[in-house]
Amino acid sequence: MSGQPLPDAELDEALALVNDDYVRRGQGASGGHGVLGAQTAPDERALGGGAQPSEGSAPADGGTPGTPGASGGDNTPAGHGAPGGQDALSGHSAPSGEGTPSQQAPQGEQPGDSGASADRGTPSTSRTPNSPGAPSGHSTPSQQAPQGEQPGDGGASAGRGTPSTPRTPNSPGAPSGHSAPSQHSAPAKNATPAQHTAPKRTPNHAPKHRDITPWPAARAIAARAPRPVPSGAVPASVPLEQALGLVLASAVVALTDLPSFDTSAMDGWVVAGPGPWGVLDEGILAGQEGTVSLADGDAVRIATGARIPREATAVIRREHGLIDDKGRLHPQRDVAHGQDIRPRGQECRSGDQLLPPGALVTPAVLGLAAAAGYDRLPVVPRPRAEVLILGDELLTEGLPHDGLIRDALGPMLPPWLRSLGVDVIGVRRLGDDAEALHQAITTSTADLIVTTGGTAAGPVDHVHPILSRIDAELLVDGVAVRPGHPMLLARIRPDQHLVGLPGNPLAAVSGLLTLAEPLLRTLSGRPVPVPYTAVVREDVHGHPHDTRLVPVTLRGDDALPLHYNGPAMLRGVAVAEGLAVVPPGGARKGQELEILDLPWAVPEGGGYATEVCFT
């Protein structure tokens, strides 16, 4: 991301060309509820094309009901999506209902509504009041029975490529969708009690009730989850060279006056009394022991930083003095008493507080601490994290083949966590082995365990069962945010937490910023960043009930949404400078939205090369 910044006109022209290309590929079809004139991300369409969903059964994240292997949502494993942005068939699929607004039929349509279909904007068949299986409200992932599963049918999951059996409109066992918290839509008119009650299932397949947490509340819970660093505590003292990027655990006070003696601020001559002055043969250099005695009318050459003789009245800069043929120094400007002399204690006196607790140790802080006499600094220890990569279908090298896909999260997550001030003590690839996952979690010594994929309810989604098996406390079990809603946060021990990220790359980024970043901020003692907003340059489609996080690039006070923003896509976020927080229902051009910074954000004014594809 180097090169000269693009002028706004050239940037807009480049963006227009790329967006035209996006539409020409057939990936810009509008449709679905909550769309404000934006394109539908290509990976969020059904793998089978424009099939219309059956009444009473919304497709599982873009998958056509009854299509075997139609995986989707935020929980496809890292890699994480077949070429072209479509979700891979390989699993870790999201629970049914995880789609972006433009692909999923609106939950809770009123009888007689003729809304846009989930796929490619095909008109959907209006629901009738008599349809006992018509969904009501906005169903949360784990609260809704998997699409196509009849009571007692053996519990086939919608995820992981398991074929589902579509329901007919009159199917009395069709799930109604347990309404999510207040952020979700109200039930449909004339709703019967059955529309608010999930169908009975056999005990072996009964999912644990999931209370979907609103996005702001999830971030607040994550920030409060770990024990905060005690005020004034000194948990660790580290050498200066190891303190960069950490947070001060206690105040840094000056151990000496700065400067500790009167010094020259410039190269030139130090003089005593009024001029002109006779120049002595000696000179005074920085670091030189002893001093030179001056009488009125004397001058001596001096270097920057050298100790000032006690009798001196001023320093004359080399460019402001002239020596005549008799060796006498004449000032070329008026000479003020004390000019260009840094008196002892000018910056601070011994015992002054230089930095408060909670200050981030930057390179400048290291320099100040060294100048003030410090060899070590009191800091909050760096949190330690371990990353567990799940999924049998993941490759670590080469091209995808034979149903296998490349792991994108293994290379991405460790450096991202390090940018949040974390020591990554290990990255383990566990596949879909439940016992290996149990062993890894129960033996980890990390403050934070991060898992990828496996947070839904598919046949090899082991995170929830393992957490239940070890009696972990679920603090957040699903978040009302797209992408990434199947994310979770659990407390394993009082001083150890687990963040379960969805398997899709952009959904995992969403989980990282929603749950991991606030938790790690508290663990490391960092202050809450000051929120800021930017004006969006174009309409941004939104989910009808959930927050959306959309990659944007920043141009001055404006934010330009990036169109490759599907759950399985990294093309947009790879050139983004932040994520715009889009409220339920979307945002209009000119609206101010909160921006979440990304750790590699380019400074204002530039730096993208002209060949970078922005959208």
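Residues numbered from 1 in each chain as written. Predicted model: local features only at pLDDT ≥ 70, side-chain atom pairs only at ≥ 80, totals over all residues. Heavy atoms only, no water.

**Q** Help me understand the overall build of the protein chain in this model?
**A** A tally of regular secondary structure across the protein chain gives seven helices and 28 strands. Counting across all 615 residues of the protein chain, residues that qualify as buried make up 53%. (Helix = DSSP H or I, 4+ residues; strand = E, 2+ residues; numbered from the N terminus. Buried < 20%, exposed > 50% of the residue type's maximum accessible area, 1.4 Å probe, protein only.)

**Q** Can you walk me through the side chain of Ser510 in this structure?
**A** Summarising the element assignment, Ser510 is placed in helix 7 (residues 505-523). Setting aside chain neighbours within four positions, we find Ser510 in contact with Val481, Pro483, Gly484, Met487 and Leu549. (Contact = heavy atoms within 4.5 Å.)

**Q** Help me understand the pattern of salt bridges, please; the structure alone is not making it clear to me.
**A** If the charged atoms of two oppositely charged side chains come close together, the side chains can form a pair. Under the definition given, this model contains 13 salt bridges. The partner of Glu347 in a salt bridge is Arg342, with the nearest N and O atoms 4.0 Å apart. In this structure Glu347 comes out as exposed when scored by relative accessible area, which is 52%. On the accessibility criterion, Arg342 (31% relative accessible area) is partly exposed. Put simply, Arg521 and Glu517 hold a salt bridge, and the shortest N to O gap is 2.9 Å. (Salt bridge = Lys/Arg side-chain N within 4 Å of Asp/Glu carboxyl O.)

**Q** Can you help me understand the pairing of strand 24 (residues 532-536) in this one?
**A** Strand residues, when the strand is regular, have side chains that alternate between the two faces of the sheet. Bridging between strand 24 and strand 28 (residues 592-597) involves four bridges; their strand directions are antiparallel. Each bridged residue has a counterpart across the sheet, and for Val535 the counterpart in strand 28 is Glu592. Bridge analysis of strand 24 against strand 26 (residues 558-561) gives two bridges, and the strand direction is parallel. Following the sheet pairing, Val536 is matched in strand 26 by Ala559. (Pairing = 2+ DSSP bridges.)

**Q** What should I look at first to understand the sheet that holds strand 8 (residues 298-302) in this one?
**A** Sheet strands pair via backbone hydrogen bonds, and the direction of the pair is either parallel or antiparallel. Strand order in the open sheet made by the six strands is 9-6-8-7-11-10, with mixed pairing throughout. Pairing within the sheet leaves two strands with one partner each, and these edge strands are strand 9 (314-317) and strand 10 (321-323). The mean angle between the axes of side-by-side strands here comes to 40°, regardless of whether they run parallel or antiparallel. (Axes fitted to C-alpha atoms, helices over the stretch in contact; angles between N-to-C directions.)

**Q** It is not clear to me how the nonpolar core should be interpreted in this structure. Could you clarify?
**A** Inside soluble globular proteins, nonpolar side chains tend to come together where they are buried. Core analysis: the biggest nonpolar cluster contains 45 residues, and Leu417 and Leu520 have the highest contact counts within it. When residues of this core are traced back to their parent elements, those giving at least two are helix 2 (215-224), strand 15 (384-390), helix 4 (409-419), strand 19 (448-452), strand 21 (479-482), strand 23 (496-501), helix 7 and strand 27 (578-582). Sorting elements by how many residues they give to this core places helix 7 first, with ten residues. One finds Leu248, Val361, Val365 and Val379 within the second-largest nonpolar core, a separate group that totals 20 residues. (Core = buried A, V, L, I, M, F, W, Y, C linked by side-chain atoms within 4.5 Å.)

**Q** Please clarify how the packing of helix 4 against helix 7 should be interpreted in this entry.
**A** The description of two packed helices rests on the angle between their axes and on the distance between the axes. Packing of helix 4 against helix 7 brings their axes to within 12 Å, and their N-to-C directions diverge by 25°. One element, helix 4, and the other, helix 7, form an angle in the roughly parallel class. The element helix 4 and its partner helix 7 pack so that their crossing is right-handed. Note on element contacts: helix 7 touches helix 4 through Pro505, Ala508, Val509, Leu512, Leu513 and Leu520, opposite Leu409, Met412, Leu413, Trp416 and Leu417. Partitioning the contact of helix 4 with helix 7 into residue classes produces eleven nonpolar, no polar and no charged. (Parallel < 35°, antiparallel > 145°, perpendicular 65-115°, else oblique. Left-handed = near helix turned anticlockwise from the far one by under 90°. Nonpolar A, V, L, I, M, F, W, Y, C, P; charged D, E, K, R; others polar.)

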